[in-house]
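Here is what each chain is made of, one letter per residue.
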Amino acid sequence: MVSTFPTPHSVDLSQIRLAIRALQPQLVEWRRHLHQRPELGFQEQLTAEFVAQKLQEWGIEHKTGIAKTGIVATIKSDRPGPVLAIRADMDALPIQEENMVPYRSQHDGIMHACGHDGHTAIALGVAYYLAHHRQDFAGTVKIIFQPAEEGPGGAKPMIEEGVLKNPDVEAIIGLHLWNNLPLGTVGVRSGALMAAVESFHCTIFGKGGHGAMPHQTVDSIVVSAQIVTALQTIVARNVDPIDSAVVTVGKLHAGTANNVIADTARMIGTVRYFNPKLEGYFGKRIEQIISGICHSHGASYELDYLQLYPPVINETNIAELVRSVASDVVETPAGIVPECQTMGGEDMSFFLQEVPGCYFFLGSANPSKNLAYPHHHPQFDFDEAALGMGAEIFVRCVEKFCR
Ligand SMILES: [Zn+2]
Ligand SMILES: [Zn+2]
């Protein structure tokens with residue numbers, strides 16, 4: 001891969017490290033500013049204002065209001081060359097923060113519990129660096145500040161509004177701070193990294209009645225119990241065992257009293273898989289099972305099935321670019337973790353369906369500082385030393401790709 005992405009002799013990589021290290025206090029300051037002002041998906045007004053104000057200050061061309069609150073910054077070098085995009089998500093979660101840090105959330109019931117405040121700060125750091133080093137790369141870098149990753153998803157509407165066009169993006173990279181990995185490591189691999197996310201809502205209509213007279217009823221609880229059990233056979237007996245998949249019923253509600261047979265039952269669940277060939281399969285198979293069991297018991301049903309995010313699939317060459325750059329940054333081969341797949345989902349996948357790219361995990365846990373709570377936990381926090389590492393990886397990818 002060295003021949004595809006030669007190390008530029010014109011750029012001294014140690015200079016990048018020194019410049020990013022000098023930026024570390026700002027990265028922390030920006031991250032903490034954003035952490036105190038978390039906003040839910042498509043409501044990232046303060047966040048977008050903060051980002052736009054910084055871009056303005058640094059003389060970076062940018063467009064706001066894309067997919068409501070999204071922003072695209074375009075940083076051109078003086079020389080023609082490739083177009084690389086870097087994506088950062090900006091939204092927070094409906095969680096009450098339990099950390100007592102000075103920079104804790106000031107917005108009641110909302111918290112940056114996934115690290116997107118860090119992603120936005122890293123992307124700002126990269127924008128700042130590149131705007132002041134336009135002579136060190138060729139072509140154009142687009143930085144995409146995306147709303148609503150946690151749902152309903154800002155990537156797709158941003159693509160529909162043309163963020164990958166004019167100039168046309170040739171490759172895209174993005175990262176997630178990752179408390180499942182220790183600080184100083186990077187999870188990167190080619191192929192599937194994260195799973196497709198689908199969901200279903202189903203209502204079973206039976207016929208209610210007296211708990212002592214079941215022969216006069218159609219028991220929606222018995223029907224749904226059979227459905228829940230039978231759904232497990234999709235992964236166990238229908239999907240190729242080589243392919244990983246999950247079918248989870250996360251909620252099942254029915255009934256009111258011990259001596260009443262429930263008229264209706266409601267269940268909701270989630271489906272995950274890596275193999276893009278399975279797209280469309282689960283919805284059909286789940287409906288077959290529900291329909292067959294309902295039919296055999298004289299019940300009926302309503303099913304709402306949603307395909308939310310496709311799987312996150314990394315392209316081999318760009319994954320190799322990130323891996324080689326990251327191994328320079330972490331400075332130890334053990335710091336690169338290819339066994340980092342997760343059945344979690346991400347709408348970065350929509351960008352990766354359009355252009356080749358790589359999404360990777362940046363280790364951010366530090367148990368010695370009590371910074372190891374999982375993502376989406378009310379005490380989630382990460383080691384801010386990861387911010388500089390993330391910025392350095394992105395900048396070095398630019399210097400290697402944009403030649
Ligand atoms: Zn999250
Ligand atoms: Zn996240």
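Just so it is clear, the model here is predicted, and its values are computed rather than measured.

### With respect to the overall build of the protein chain
Counting secondary structure elements, the protein chain contains nine helices and 16 strands. Its C-alpha atoms give the protein chain a radius of gyration of 24 Å, near enough to 22 Å, the size a compact globule of 403 residues would have. Taken along its principal axes, the extent of the C-alpha atoms in the protein chain is 85 × 45 × 40 Å. Out of the 403 residues in the protein chain, the part that is buried amounts to 54%. Taking contacts inside the protein chain between residues at least 6 apart in sequence as the whole, the part at least 24 apart equals 81%. As displayed, the protein chain offers around 17000 Å² of accessible surface, 52% of which is attributable to carbon and sulfur atoms. A distance of 2 Å separates the average location of the 30 positive side-chain charges in the protein chain from that of its 43 negative side-chain charges.

### Observations regarding the packing of helix α1 (residues 13-36) against helix α3 (residues 116-131)
Packed helices, taken two at a time, are described by the angle their axes make and the gap between the axes. Interaxial distance between α1 and α3 falls to 8 Å at its minimum, and their mutual angle equals 140 degrees. Considering the angle they form, α1 stands oblique to α3. Once α1 is placed against α3, the crossing between them reads as right-handed. Residues Ile 16, Ala 19, Ile 20, Leu 23, Leu 27, Trp 30, Arg 31, Leu 34 and His 35 of α1 pack against Asp 117, Gly 118, Thr 120, Ala 121, Ile 122, Leu 124, Gly 125, Tyr 128 and Tyr 129 of α3. Among the residues forming the contact of α1 with α3, the class breakdown is twelve nonpolar, four polar and two charged.

### A short note on the coordination of the zinc ion (ligand 1)
For the zinc ion (ligand 1), every protein donor is listed as Cys 114 (SG), Glu 150 (OE), Glu 150 (OE) and His 376 (NE2), and the spread of their distances is 2.0 to 2.8 Å. Bound by four donor atoms, the zinc ion (ligand 1) shows angles of 51 to 148 degrees at the metal and therefore irregular coordination geometry. Separating the zinc ion (ligand 1) from the zinc ion (ligand 2) is a gap of 3.1 Å, bridged by Cys 114, which donates to each. Within this pair, whereas Cys 114 is found in the loop between β3 (83-89) and α3, its partner His 376 is found in the loop between β16 (357-365) and α9 (385-401), the two being separated by 262 residues in sequence.

### Comments concerning the sheet that holds strand β13 (residues 300-309)
Sheet architecture is open: four strands sit in the order β10-β12-β8-β13, paired in antiparallel fashion. What marks the edges here is a single partner per strand, and that holds for β10 (245-254) and β13. When strand polarity is set aside, the average angle formed by the axes of neighbouring strands in this sheet is 15 degrees. Strand direction decides the pairing type here: β10 and strand β12 (residues 264-273), joined by nine bridges, are antiparallel. Across the sheet, Thr 248 pairs through a bridge with Thr 270, a residue of β12. Helix-sheet contacts for helix α5 (residues 220-238) involve β8 (196-205), β10 and β12, and the interaxial angle to β10 is about 170 degrees. Each of β8, β10, β12 and β13 is contacted by helix α6 (residues 281-297), which is oriented at about 170 degrees to β13, the strand it contacts most.

### Focus on the pattern of salt bridges
Applying the stated criterion across every chain, the model contains 13 salt bridges. In this structure, Arg 31 engages Asp 381 in a salt bridge whose closest nitrogen and oxygen atoms are separated by 3.0 Å. Highlighted residues: Arg 31 in helix α1 and Asp 381 in the loop between β16 and α9, separated in sequence by 350 residues. Look at Arg 31 and you get buried, because its relative accessible area is 0%.

### With respect to helix α2 (residues 45-57)
Taking 1.5 Å per residue as the helical rise, α2 with its 13 residues ought to reach 18 Å, and the 18 Å between its terminal C-alpha atoms agrees with that figure. Residues Thr 47, Ala 48, Phe 50, Val 51, Ala 52, Lys 54 and Leu 55 constitute the buried set of α2. On its buried face, α2 sits against α1, β1 (61-66), β2 (70-76), α3 and β4 (140-146). Phi turns positive, to about 70 degrees, at Gly 59, one or two residues after α2.

### A closer look at the packing of aromatic side chains
For any pair of aromatic rings, the description consists of the separation of the ring centres together with the inter-plane angle of the planes. Applying the stated criterion to the full structure yields ten aromatic pairs. Relative to Tyr 128, the ring of Trp 58 has its centre 5.0 Å away and its plane inclined at 80 degrees; by these criteria the two rings are edge-to-face. With Trp 58 in the loop between α2 and β1 and Tyr 128 in helix α3, the pair connects residues that are 70 residues apart, well separated along the chain. For Trp 58, a relative accessible area of 13% translates into the label buried. Under the relative-accessibility criterion, Tyr 128 is labelled partly exposed at 29%. When the ring of Tyr 309 is compared with that of Phe 350, the centres are 6.0 Å apart and the planes differ by 85 degrees; the resulting orientation is edge-to-face. Pair noted here: Tyr 309 is in strand β13 and Phe 350 is in helix α8 (residues 348-354), with a separation of 41 residues, a long-range link. Side by side, Tyr 309 and Phe 350 carry an identical accessibility label, which is buried. What links up through ring pairs into an aromatic cluster is the set Trp 30, Trp 58 and Tyr 128. The ring of Phe 42 is capped by Lys 68, whose NZ or CZ atom sits 5.0 Å from the centre of that ring.

### Here we look at the coordination of the zinc ion (ligand 2)
All of the protein donors around the zinc ion (ligand 2) are Cys 114 (SG), His 116 (NE2) and His 176 (NE2); their distances to the metal are 2.1 to 2.4 Å. Of note, the zinc ion (ligand 2) draws all its donor residues from one chain, in the sequence arrangement C-x1-H-x59-H. The class of Cys 114 is buried, set by a relative accessible area of 8%. The exposure class assigned to His 116 is buried, which follows from its relative accessible area of 0%.

Rules and cut-offs
Residues numbered from 1 in each chain as written. Chains lettered and ligands numbered in written order. Predicted model: local features only at pLDDT ≥ 70, side-chain atom pairs only at ≥ 80, totals over all residues. Heavy atoms only, no water. Helix = DSSP H or I, 4+ residues; strand = E, 2+ residues; numbered from the N terminus. Rg over C-alpha atoms; globule rule 2.2 N^0.38 Å. Buried < 20%, exposed > 50% of the residue type's maximum accessible area, 1.4 Å probe, protein only. Contact = heavy atoms within 4.5 Å. Areas by Shrake-Rupley, 256 points an atom, 1.4 Å probe, with all protein chains shown as cover. Lys, Arg positive; Asp, Glu negative; His and termini not counted. Charge placed at Lys NZ, Arg CZ, Asp CG, Glu CD. Axes fitted to C-alpha atoms, helices over the stretch in contact; angles between N-to-C directions. Parallel < 35°, antiparallel > 145°, perpendicular 65-115°, else oblique. Left-handed = near helix turned anticlockwise from the far one by under 90°. Nonpolar A, V, L, I, M, F, W, Y, C, P; charged D, E, K, R; others polar. Donors = N, O, S within 2.8 Å, 3.2 Å for Na, K, Ca; no water. Tetrahedral: all angles 85-135°; square planar, octahedral: opposite > 155°, others 65-115°. Pairing = 2+ DSSP bridges. Salt bridge = Lys/Arg side-chain N within 4 Å of Asp/Glu carboxyl O. Expected span 1.5 Å × (residues − 1). Phe/Tyr/Trp six-rings, centres within 6.5 Å; stacked < 30°, edge-to-face > 60°. Lys NZ or Arg CZ within 6 Å of the ring centre and 35° of its normal.

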